[in-house]
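Letter by letter, the chains look like this.
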Amino acid sequence: MLVCCASAWAAPTASAELIKRGEYVARLGDCVACHTSPNGAAMAGGLELKTPFGTIYSTNITPDTKTGLGRYSFAQFDRAMRKGVAADGHNLYPAMPYPSYAKITPDDMQALYAYLQRGVAPVAQQNRETDMKWPFSMRWGLSLWNAVFLDDAPFKPDSAKSAMWNRGSYIAQGLGHCGSCHTPRGVAFQEKTMGQDGGSGKLYLSGFTFDGWHAVNLRNLWTPGDIVQLLKTGRNSFGTAAGSMTEVITHSTQYFTDGDLDALAYYLHGLPARDGAAAPARKLAPVVAASNDALYNTRGGLGYLQFCATCHRRDGRGVENIFPPLAQNDSVQSKDATSVIHIALTGWQSAVTQHSPRSFGMPAYDRLSDTELAEILTFVRGKWGNHGAPVTTAQIAKVRKELKLKAPDAGGFVTPRFAALTADPNANQLIHGMQLMTETRARLPHNVGNDLNCSSCHLNGGTVANGSPFLGISAFFPAEAPRAGKVINLGERINGCFRRSMHGKPLPVDGPDLQAMVAYIDWMKGATQANDKVAGRGVAKIARSLLPDPVHGKKVYAEQCAVCHGANGEGIRGANGVVAFPPLWGERSFNIGAGMARTYTAAGFVKANMVMGHGQKFPLGQGNLSDQDAVDVAEYFTHMPRPDFPDKVKDWPKGGKPRDARY
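Procedures and definitions
Residues numbered from 1 in each chain as written. Predicted model: local features only at pLDDT ≥ 70, side-chain atom pairs only at ≥ 80, totals over all residues. Heavy atoms only, no water. Axes fitted to C-alpha atoms, helices over the stretch in contact; angles between N-to-C directions. Helix = DSSP H or I, 4+ residues; strand = E, 2+ residues; numbered from the N terminus. Parallel < 35°, antiparallel > 145°, perpendicular 65-115°, else oblique. Left-handed = near helix turned anticlockwise from the far one by under 90°. Contact = heavy atoms within 4.5 Å. Domains from an automatic or database assignment. Buried area = accessible area lost by both parts, 1.4 Å probe. Salt bridge = Lys/Arg side-chain N within 4 Å of Asp/Glu carboxyl O. Polar contact = N/O pair within 3.5 Å; in protein donor to acceptor, adjacent residues only side chain to side chain. Nonpolar A, V, L, I, M, F, W, Y, C, P; charged D, E, K, R; others polar. Pairing = 2+ DSSP bridges. Buried < 20%, exposed > 50% of the residue type's maximum accessible area, 1.4 Å probe, protein only.

Here we look at the packing of helix H9 (residues 224-233) against helix H11 (residues 258-270)
Here is step 1 of the chain: Viewed as axis vectors pointing N to C, H9 and H11 meet at an angle of 130 degrees, and their least axial separation amounts to 8 Å. By the criterion of interaxial angle, the relationship of H9 to H11 is oblique. H11 is crossed by H9, and the crossing has right-handed handedness. Contact residues: H9 offers Pro 224, Ile 227, Val 228, Leu 231 and Lys 232, while H11 offers Asp 258, Leu 261, Asp 262, Leu 264, Ala 265, Leu 268 and His 269.

Re the domain arrangement of the chain
Here is step 1 of the chain: Assigned domains within the chain: domain 1 (16-149), domain 2 (163-270), domain 3 (292-403), domain 4 (421-538) and domain 5 (550-650).
Here is step 2 of the chain: Spacing between the C-alpha centres of domain 3 and domain 4 amounts to 28 Å.
Here is step 3 of the chain: Facing nine residues of domain 3, the contacting portion of domain 4 comprises nine residues.
Here is step 4 of the chain: Summed over both sides, the interface of domain 3 with domain 4 buries roughly 730 Å², with 49% coming from carbon and sulfur.
Here is step 5 of the chain: Three residues, Tyr 296, Gln 306 and Arg 314, lead the burial of domain 3 against domain 4; their summed loss comes to 60% of the area buried on that side.
Here is step 6 of the chain: Between domain 3 and domain 4 we count one salt bridge in total.
Here is step 7 of the chain: In this structure, Arg 314 and Glu 439 form a salt bridge, with 3.4 Å as the shortest nitrogen-oxygen distance.
Here is step 8 of the chain: There are seven residue pairs in polar contact (both at pLDDT 80 or more) connecting domain 3 and domain 4.
Here is step 9 of the chain: The greatest single-element share of the side of domain 3 that touches domain 4, amounting to five residues, is contributed by helix H13 (residues 299-307).
Here is step 10 of the chain: Grouping the amino acids of the side of domain 3 that touches domain 4 by side-chain chemistry returns four nonpolar, three polar and two charged.

Concerning the sheet that holds strand E1 (residues 48-51)
Here is step 1 of the chain: Ordered in space as E1-E2-E3, the three strands form an open sheet in which the pairing is antiparallel. Since the sheet does not close on itself, it has two edges, and those belong to E1 and strand E3 (131-132), each with one partner.
Here is step 2 of the chain: Pairing between strand E2 (residues 54-57) and E3: two bridges, direction antiparallel. For Gly 54, the partnering residue across the bridge sits in E3 and is Met 132.

Structural notes on the environment of Trp 145
Here is step 1 of the chain: As for its position among the elements, Trp 145 is in helix H6 (residues 141-149).
Here is step 2 of the chain: Taking relative accessible area as the criterion, Trp 145 reaches 14% and is therefore assigned buried.
Here is step 3 of the chain: Sequence separation between Trp 145 and Leu 18 is 127 residues, and the spatial gap between their C-alpha atoms is 34 Å.
Here is step 4 of the chain: Look past the residues within four positions of Trp 145 in its chain and what remains in contact with it is Pro 94, Tyr 98, Pro 99, Leu 150, Ala 188 and Gln 190.
Here is step 5 of the chain: Engagement of the side chain of Trp 145 in a polar contact is seen with the backbone oxygen of Ala 188, the distance being 3.1 Å.

Written as structure tokens, this is what we have:
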């Protein structure tokens with residue numbers, strides 16, 4: 001990376017137009033991504049860059065005269081960018097992609113220099129020393145590396161190609177340095193080719209696996225329109241950006257002009273697909289539903305239902321503009337499964353763009369065993385029209401080791417597994433109970449009067465800590481119920497939810513459906529005794545001393561909740577028209593007799609489990625709101641119009657009605 005020299009230098013003047021052009025060149029080159037540390041000043045360096053040979057820290061490229069580039073002459077800057085030699089003469093590691101930047105035109109280099117000298121605020125921040133292993137810590141070896149692998153000639157247009165093709169080629173090979181990730185590397189970690197020409201040109205952008213990620217083959221992968229959509233928004237019909245590509249889109253490609261995006265897409269689409277690599281661009285085939293047998297009678301299908309289906313849906317089609325589809329997703333069914341394994345282990349975060357300003361995340365599932373993940377990923381890669389090969393436990397273990405993942409603290413709550421239901425002698429009844437809990441509206445339409453399921457409140461079929469889990473609760477029944485004013489059994493408690501939370505009708509007491517739901521909850525009792533404390537039971541505790549502010553709650557709802565639950569609390573539906581996330585008020589929501597209609601109960605649920613998809617914590621809910629925000633938004637949505645509960649007059653016959661009851 002670049003460091004400053006000791007000689008005095010006064011940065012030259014530059015026109016506003018040249019600085020503006022240089023800012024765009026810096027966007028094309030994605031300078032900010034590597035030269036900005038988390039929570040650090042832009043371009044001030046300090047980002048940790050891990051390599052197979054040790055750790056490098058990016059350097060300060062602000063115009064600070066002591067720690068940055070403030071004393072660099074243009075000639076010194078140009079040499080560093082093209083030859084990888086700093087102003088004081090030491091060699092830069094090619095983690096700085098100078099082999100690609102060597103192709104920058106002289107005019108663009110002048111503009112970039114002007115911007116870094118005059119368009120960036122100087123920041124006094126010392127550069128950190130590298131931590132490279134011997135002999136790679138000996139920089140003189142880089143001179144030999146450059147002599148063998150570096151071609152520092154600027155880009156030369158191909159007169160036989162169109163201006164659009166040449167512009168795309170220039171961006172891809174030069175400033176965009178696409179080959180840094182997408183081109184195979186040799187034994188000296190050099191890119192095997194720097195462009196599409198020559199005998200090795202067929203390897204250019206043909207895909208490469210490194211550091212637990214598989215950078216896909218970009219050669220004629222999708223239509224130009226699909227490519228533009230991904231680079232602008234972070235998603236298209238065939239997949240969603242992940243890993244470092246998310247940062248590239250966030251900091252760089254979303255800001256490309258439409259002309260440059262079109263040119264880059266035109267160039268990539270025109271590269272002939274390499275033999276044995278990605279197939280030519282294609283149209284999506286119809287999604288093939290996963291059979292009930294695959295979903296409910298295999299460990300992989302049950303694991304998918306428990307940990308993935310809430311966001312990606314049973315049909316694998318995701319939720320538009322929120323959670324990506326897995327059906328016919330190129331990354332999911334890629335021949336090299338490294339990336340999908342990596343995402344499963346460490347989670348996912350969407351790109352933040354002008355078109356998608358809200359980022360969504362997926363939890364890290366590293367606490368699942370290698371066997372569980374292999375089962376789930378094998379299911380995902382082989383359903384809905386996907387044609388990916390099965391994933392083995394050895395593949396999971398290999399990526400887990402490469403990522404150096406440590407076993408996370410489960411926090412005392414052991415998540416019950418749907419997959420374990422298959423081993424129980426009573427498996428059929430238990431699985432039926434699980435289905436009723438997670439698909440209540442679809443399977444019991446005569447008993448559910450709104451658009452909720454049991455799992456709307458008891459997340460993932462009651463298996464989420466602080467998400468009203470079922471773990472151990474059957475040990476506490478029969479129990480005195482203050483609201484009913486009597487002792488009730490577990491079946492009566494379930495039927496209470498049908499009448500209140502689902503604004504419907506109770507199930508027959510002796511019927512197979514209620515018996516299956518009771519059996520399912522009882523299966524989760526384990527060794528719990530009536531006087532035991534169960535970790536993660538119920539929802540988060542919110543101090544009643546916090547006074548709710550519904551006006552602020554309305555603002556929190558609009559900013560944090562509306563994207564999933566609708567601007568008017570109506571909920572949203574998946575691609576197949578089925579409700580994905582439930583309504584929070586209105587005729588299709590819970591009635592005033594539901595526990596969730598009470599401010600502090602709702603606030604505890606929100607605090608522990610929402611905003612869903614905010615980050616990468618396990619399992620679903622991220623709990624990113626403050627206690628006050630949770631109380632405010634709960635007060636807002638619980639007091640919006642909703643169905644009445646006629647039997648409310650019978651509640652709390654012995655007194656003790658909570659202050660936040662709706663009646």
